[in-house]
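Geometric and topological summary
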Amino acid sequence: QVQLEESGGGLVQAGGSLRLSCAASGSDFTIARMGWYRQAPGRQRELVAAIYRGGSTNYADSVKGRFTISIDSAKNTVYLQMNSLKPEDTAVYYCNCVPLTARRDYWGQGTQVTVSS
């Protein structure tokens, strides 16, 4: 059982920055992969960035060069540093966690990011 607690969303002007955090907690698990997804109204949830045990990362083309995902392994916390934000980044951002022993993955409750122009 894994619980994910997200924070850091909010309202920011275009060109600004936000940092999202997601802390994973639970009993006896090791993270294999954590990622950030987002969903805008009328659109499917899409992968924004993912980070894997060992440090490899994957980014959506739309955020490459602007967003950076990182993990503090000791704290089981994943971060998404979002720079040069654009109005089209506006969405609910969801944290996702896949444990090494996964029979399922886990999702955070979502945090709203709104970028104004």
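Structural notes, computed from the coordinates. Note that this is a predicted model, so its numbers are computed, not measured.

Turning our eyes to something else, we now look at the packing of aromatic side chains. In the structure shown here, the tally under the stated rule is 1 aromatic pair. Note that Arg-45 overlies the ring of Tyr-94, its terminal NZ or CZ placed 3.7 Å from the centroid. Its end group placed over the ring of Trp-107, Arg-45 keeps NZ or CZ at 4.7 Å from the ring centre.

For the structure shown, the criterion picks out 1 disulfide. There is a disulfide in this structure between Cys-22 and Cys-95, and the S-S distance comes to 2.1 Å. Across the disulfide from Cys-22 to Cys-95, rotation about the S-S bond amounts to roughly -85°, and the bridge is consequently left-handed. Remark: Cys-95 occurs in strand E9 (residues 91-99) and Cys-22 occurs in strand E3 (residues 18-26); sequence separation between them is 73 residues. Pair check on accessibility: Cys-22 and Cys-95 agree, each one buried. Of all cysteine sulfurs, the one in Cys-95 lies closest to Cys-97, which takes part in no disulfide; the gap is 6.9 Å.

Under the criterion given, the structure shown has 4 salt bridges. Measuring nitrogen to oxygen at the nearest pair gives 2.9 Å for the salt bridge that ties Arg-38 to Glu-46. Given a relative accessible area of 7%, Arg-38 falls into the buried group. In this structure, Asp-89 engages Arg-38 in a salt bridge whose closest nitrogen and oxygen atoms are separated by 3.0 Å. On the criterion of sequence distance, the pair formed by Asp-89 in the loop between strand E8 (77-82) and E9 and Arg-38 in strand E4 (residues 31-39) is long-range, its members being 51 residues apart. It is possible to trace a salt-bridge network through shared partners that takes in Arg-38, Glu-46, Arg-66 and Asp-89.

What counts, and where the lines are drawn
Residues numbered from 1 in each chain as written. Predicted model: local features only at pLDDT ≥ 70, side-chain atom pairs only at ≥ 80, totals over all residues. Heavy atoms only, no water. Phe/Tyr/Trp six-rings, centres within 6.5 Å; stacked < 30°, edge-to-face > 60°. Lys NZ or Arg CZ within 6 Å of the ring centre and 35° of its normal. Disulfide = S-S within 2.5 Å. Helix = DSSP H or I, 4+ residues; strand = E, 2+ residues; numbered from the N terminus. Buried < 20%, exposed > 50% of the residue type's maximum accessible area, 1.4 Å probe, protein only. Salt bridge = Lys/Arg side-chain N within 4 Å of Asp/Glu carboxyl O.

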